Amino acid sequence: MKRIVLLGSTGSIGTQTLDIVRANPGEFEIIGLCAHSNTQLFQQQVREFRPKYVVQTGVSENPGLALASLASVGEADIVVNALAGSSGLLPTLAACKAGKVLAQANKESLVMAGQLIMEMAQKTGAQILPIDSEPSAIWQMLRHNEPQSGIEKIILTASGGPFWKWKREELMQVSAEQALKHPTWKMGEKVSIDSATLMNKAFEIIETRWLFDVPPEKIDVTVHRQSTVHALVQFCDGNFSAVLSAPDMKIPIAHALFYPQRKPNNFARVDFLQLQWTFEKPDYSLFEGPRLAYEVLAAGGIMPAVFCLADEMAVSQFLQGQISFLEIYDVIKRALDNVKNTECSLEALEEISKQWTL
């Protein structure tokens, strides 16, 4: 029986993780739960799973310390980081420092401090198992010791969100309610807005660079509206690999939880007889996030962290009606222009996080 610490238990990834635990009695034990502010649901989860460790960051005096402590408890076989936003950074670092198996949905951690995290994991032997659909797909294609020199290109697929093909004049009038209605996936507010702006894909470019040690020029993005091909790898000999599945987050979550085995399940299957695929080039003149991702990777230092934190601030402002949809990019670009770049370190990340605390 694998003992799990679950961070972000009341969010979309967290609740689906608990669904998998319920569906597989005897396979897992929840020993730690953490949530932020959904007290009613969190209390129900605590009563059901009776974890040894319980943290509610919304009422904690030092949420960062509480998360880091929970992510590094000795008994945990797997730490699932399903937190949204920059709050996932400290527990990611703590889990890696403790040499844990980390099932990682929090891509912001790797955006902000990818090099630090991967160096820490290599030093301690921590394993990072991605549970987002795109990095999970890449992980499945590359984990059999495929040499980096054999990879010609990694292609991330994007759904395009609810506004693909919209014109600038239409995007200027977008409401938060519209932006939260993703055509394929059911996600939390932050991820839904990031998907609508393609910032989610921007983060995945940076995440892919660090998780798989691939230079940015070998990472590309295509818009695939059907969301059944989650990523492709083009090899130097002309061969392609792809991972396909129904657009259901439980599939990559379960894959990480049961790794290294594959466990049969009753999740939806792709019907090949019904497949009608399209792949399109993203429009970076409107959806600027991925283009900016390449720029901050080239800049290095703390700029990816600024990129991440500024997006977090901008999304919050958009959801509160303070800025328009397209102004999300303006907030991010102003931050990148106005911050002096320095070497990425824990101290520098702490300082920049203070400046961009919501």
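**Q** Looking at this model, I keep getting lost on the overall build of the chain. Mind explaining?
**A** Looking only at helices and strands, the chain has 15 helices and 10 strands in total. Compactness check: the chain gives a C-alpha radius of gyration of 19 Å against a globular reference of 21 Å for 358 residues, within 12% of the reference. A buried classification covers 54% of the 358 residues belonging to the chain. The contacts in the chain between residues at least 6 apart in sequence include a share of 70% that link residues at least 24 apart. Split by element, the accessible area of the chain, about 16,200 Å² in all, is 50% carbon and sulfur. In the chain, 32 side chains carry a positive charge and 39 a negative one; their mean positions are 4 Å apart.

**Q** I tried to follow the pairing of strand β5 (residues 101-104) on my own but got confused; where do I start?
**A** Note on strand geometry: in a regular strand, side chains alternate between the two faces of the sheet. Pairing of strand β4 (residues 78-81) with β5 involves 4 bridges; the strand directions are parallel. Bridged to V80 within β5 is A103. Pairing geometry for β5 and strand β6 (residues 127-130), over 4 bridges, is parallel. Bridge assignment links L102 to a residue of β6, and that residue is I128. Of the crossover connections in this fold, the one passing from β5 over helix α5 (residues 107-124) to the parallel β6 is right-handed.

**Q** Hey, could you run me through the pattern of salt bridges in this one?
**A** Pairs can form between side chains of opposite charge whenever their charged atoms are close. Tallied over the entire structure, the rule returns 19 salt bridges. K250 serves as the salt-bridge partner of D19, at 3.4 Å between the closest nitrogen and oxygen. Within this pair, whereas D19 is found in helix α1 (residues 12-23), its partner K250 is found in helix α11 (residues 250-258), the two being separated by 231 residues in sequence. Judged by its relative accessible area of 31%, D19 is partly exposed. Note on K250: relative accessible area 22%, which makes it partly exposed.

**Q** Looking at this structure, I do not really get the nonpolar core. What am I missing?
**A** Within soluble globular proteins, side chains that are nonpolar generally end up buried alongside one another. Within the largest apolar cluster, 118 residues are counted, with the highest numbers of intra-cluster contacts made by I4, L7, V80, F307, F318 and F325. A total of 10 residues in this core trace back to one element, the largest contributor, which is helix α13 (residues 303-319).

**Q** What am I meant to see in the sheet that holds strand β10 (residues 240-244) here?
**A** Backbone-to-backbone hydrogen bonds join strands into a sheet, with any given pair of strands oriented parallel or antiparallel. Judged by pairing direction, the sheet is mixed, and its 4 strands sit side by side in the order β8-β7-β9-β10 without closing on themselves. Strand pairing shows two members of the sheet lacking a second neighbour, β8 (219-223) and β10, which therefore form its edges. Neighbouring strand axes in the sheet, compared pairwise and without regard to direction, differ in orientation by 20° on average. When strand β7 (residues 151-158) meets β8, the two strands line up parallel, connected through 5 bridges. Across the sheet, residue A158 finds its bridge partner in β8, namely V223. In the packing of helix α6 (residues 133-142) onto the sheet, contacts are made with β7, β9 (229-235) and β10, and the angle to β9 comes to roughly 40°.

**Q** Help me understand helix α14 (residues 327-338) in this model?
**A** Each turn of an α-helix holds 3.6 residues, which means side chains three or four residues apart point in the same direction. For α14, which comprises 12 residues, the first-to-last C-alpha distance of 16 Å matches the rise-based estimate of 16 Å (1.5 Å per residue) to within 8%. Where α14 is concerned, the buried positions are I328, Y329, V331, I332, A335 and L336. Seen from one end, α14 has its buried residues packed into an arc of 160°, which puts them on one side. Residues of α14 that are exposed and point more than 90 degrees away from the buried face comprise D337 and N338. The secondary structure elements touched by the buried residues of α14 are α9 (189-197), α10 (199-211), α12 (289-299) and α13.

**Q** Just checking my understanding: could you explain the packing of α6 against α11 for this structure?
**A** Working note: a packed helix pair is described by the angle between its axes plus the distance between those axes. At their nearest, the axes of α6 and α11 sit 9 Å apart, and the two run at 50° to each other. When the axes of α6 and α11 are compared, the pair comes out oblique. Of the two elements, α6 crosses α11, and the hand of that crossing is left-handed. Across the interface between the two elements, S133, S136, W139 and Q140 of α6 pack against P252, H255 and A256 of α11. Tallied by class, residues from the contact of α6 with α11 come to 3 nonpolar, 4 polar and no charged.

**Q** Looking at this model, I keep getting lost on the sheet that holds β6. Mind explaining?
**A** Judged by pairing direction, the sheet is parallel, and its 6 strands sit side by side in the order β3-β2-β1-β4-β5-β6 without closing on themselves. Two strands bound the open sheet, and with one partner strand each, they are β3 (53-56) and β6. In this sheet, neighbouring strand axes are inclined to one another by 20° on average, regardless of whether the strands run parallel or antiparallel. Each of β1 (2-7), β2 (28-35), β4, β5 and β6 is contacted by α11, which is oriented at about 135° to β1, the strand it contacts most.

**Q** Would you explain the layout of surface pockets in this entry?
**A** Which parts of space are left empty comes out when a probe the size of a water molecule is rolled across the atoms. Estimated volume of the second largest pocket: approximately 510 Å³. Every residue lining the second largest pocket is counted, 19 residues in all, and those nearest its centre are W139, L142, R143, L211 and F212. Those elements that place two or more of their residues in the lining of the second largest pocket are α5, β6 and α6. Among the elements that line the lining of the second largest pocket, the one with the most residues is β6, at 4 residues.

**Q** Before we go on, may I ask you to explain the packing of helix α3 (residues 63-71) against helix α4 (residues 89-97) in this structure?
**A** Two elements in contact, α3 and α4, have axes whose closest approach is 8 Å; the angle formed by their N-to-C orientations is 30°. Classified by the angle between their axes, α3 and α4 sit roughly parallel to one another. Crossing of α3 over α4 shows right-handed handedness. Across the interface between the two elements, G64, L67, A68 and A71 from α3 touch L90, P91, A94 and A95 from α4. Considering only residue class, the contact of α3 with α4 consists of 7 nonpolar, 1 polar and no charged.

The rules behind the values
Residues numbered from 1 in each chain as written. Predicted model: local features only at pLDDT ≥ 70, side-chain atom pairs only at ≥ 80, totals over all residues. Heavy atoms only, no water. Helix = DSSP H or I, 4+ residues; strand = E, 2+ residues; numbered from the N terminus. Rg over C-alpha atoms; globule rule 2.2 N^0.38 Å. Buried < 20%, exposed > 50% of the residue type's maximum accessible area, 1.4 Å probe, protein only. Contact = heavy atoms within 4.5 Å. Areas by Shrake-Rupley, 256 points an atom, 1.4 Å probe, with all protein chains shown as cover. Lys, Arg positive; Asp, Glu negative; His and termini not counted. Charge placed at Lys NZ, Arg CZ, Asp CG, Glu CD. Pairing = 2+ DSSP bridges. Right-handed = clockwise from strand over helix to strand, strands pointing away. Salt bridge = Lys/Arg side-chain N within 4 Å of Asp/Glu carboxyl O. Core = buried A, V, L, I, M, F, W, Y, C linked by side-chain atoms within 4.5 Å. Axes fitted to C-alpha atoms, helices over the stretch in contact; angles between N-to-C directions. Expected span 1.5 Å × (residues − 1). Arc of directions from axis to C-beta. Parallel < 35°, antiparallel > 145°, perpendicular 65-115°, else oblique. Left-handed = near helix turned anticlockwise from the far one by under 90°. Nonpolar A, V, L, I, M, F, W, Y, C, P; charged D, E, K, R; others polar. 1 Å grid on protein atoms, 1.4 Å probe; cavity = no way out; pocket = protein on both sides within 12 Å on 5 of 7 lines; lining within 4 Å. Points joined across faces, edges and corners; volume = space filled by probe spheres on them.

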